[in-house]
Amino acid sequence: MGWHAEELCGTVETNGGYCMRHWKMIAMFVAFALLVAGCGGNAGKKTADMAAIYEQVAESLPEMYQMDADTMLNYLGISMDDCVQAVAAVASEGVRADEIWLIEAKDAQALTKIQELAQSRLAAKEEETVQYAPTQYSIVKDAKRLTQGQYFALVVSPDADTILAAVKSAWE
């Protein structure tokens with residue numbers, strides 16, 4: 001009392017009792033379901049690419065040394081365990097105060113930690129430049145910080161306002 005392939009499909013082209021047309025439809029449905037499930041993971045969430053943003057604003061900065069994860073941890077205290085992505089760079093010339101951090105924190109607790117590190121870093125830079133580099137001291141004093149969601153930026157530069165405006169625009 002079973003169904004025969006000829007009755008279902010009008011053909012004898014079968015695979016285990018099902019016609020090939022049904023297998024193709026099932027395969028297409030599964031592929032579509034996987035595609036939708038894969039795209040749905042970030043539905044409504046736009047992620048900014050910190051490295052691309054850095055490349056965009058780098059032309060407004062002097063020659064910079066971009067730190068790797070170990071250097072960020074040892075020099076700035078920034079652990080990649082607290083970050084989804086991060087770019088940190090300092091001026092290659094030791095006499096310049098220019099510095100930029102572009103970070104996507106993994107959560108609110110990590111964001112708070114990063115903000116505290118930025119505050120400590122600025123205090124240290126102020127102390128370092130106040131007597132030895134008065135022009136750089138004023139740049140450090142005018143440093144800009146921006147937090148938007150899980151994103152954080154620190155910009156120490158004579159062009160901090162311009163750079164921060166570009167960062168903010170890229171985050172939106």
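Throughout what follows, the structure given in this document is the object of discussion.

All right, on to the overall build of the protein then. For the protein, the helix and strand inventory stands at seven helices and seven strands. Listed by position from the N terminus, the elements making up the protein come as α-β-β-α-α-β-α-β-β-α-α-β-β-α. Here the contacts in the protein between residues at least 6 apart in sequence split such that 52% fall between residues at least 24 apart. A total accessible area of about 10600 Å² is found for the protein, and carbon and sulfur atoms account for 54% of it.

All right, on to the sheet that holds strand S3 (residues 64-66) then. Taking strand neighbours across the sheet as the criterion, the five strands line up as S3-S4-S5-S7-S6 in an open arrangement whose pairing is antiparallel. Each edge of the sheet is formed by a strand with only one pairing partner; in this case those strands are S3 and strand S6 (144-148). Between one strand axis and the next, the sheet turns through 10° on average, direction left out of account. Those strands touched by helix H3 (residues 50-57) are S3, strand S4 (83-91), strand S5 (99-105) and strand S7 (151-156), and its axis lies near 155° from that of S5. Sheet strands touched by helix H4 (residues 69-76): S3, S4 and S5. Its angle to S4, the strand with the most contacts, is close to 70°.

Quick look at the packing of aromatic side chains now. One pass over the full model with this rule turns up two aromatic pairs. Centroid distance Trp101 to Phe152: 6.4 Å. Interplanar angle 65°. Geometry classified as edge-to-face. Of this pair, Trp101 sits in strand S5 while Phe152 is found in strand S7, placing the two residues 51 residues apart along the sequence. Residue class for Trp101 comes out buried when judged on its relative accessible area of 0%. With centroids separated by 5.1 Å and ring planes inclined at 35°, the aromatic side chains of Tyr151 and Trp171 adopt a geometry described as tilted. In this pair, Tyr151 is assigned in strand S7 and Trp171 in helix H7 (residues 160-171), connecting sequence segments 20 residues apart.

On to the environment of Lys106. Inspection of the secondary structure puts Lys106 in the loop between S5 and helix H5 (108-129). We classify Lys106 as partly exposed; its relative accessible area is 48%. In this structure Lys106 touches Asp81, Asp82, Cys83, Val84 and Gln150, once residues within four positions along its chain are discounted. At 3.4 Å, the side chain of Lys106 forms a polar contact with the backbone oxygen of Asp81.

Conventions we followed
- Residues numbered from 1 in each chain as written.
- Predicted model: local features only at pLDDT ≥ 70, side-chain atom pairs only at ≥ 80, totals over all residues.
- Heavy atoms only, no water.
- Helix = DSSP H or I, 4+ residues; strand = E, 2+ residues; numbered from the N terminus.
- Contact = heavy atoms within 4.5 Å.
- Areas by Shrake-Rupley, 256 points an atom, 1.4 Å probe, with all protein chains shown as cover.
- Pairing = 2+ DSSP bridges.
- Axes fitted to C-alpha atoms, helices over the stretch in contact; angles between N-to-C directions.
- Phe/Tyr/Trp six-rings, centres within 6.5 Å; stacked < 30°, edge-to-face > 60°.
- Buried < 20%, exposed > 50% of the residue type's maximum accessible area, 1.4 Å probe, protein only.
- Polar contact = N/O pair within 3.5 Å; in protein donor to acceptor, adjacent residues only side chain to side chain.

Such coordinate-based values are descriptive only and should not be taken to indicate function.
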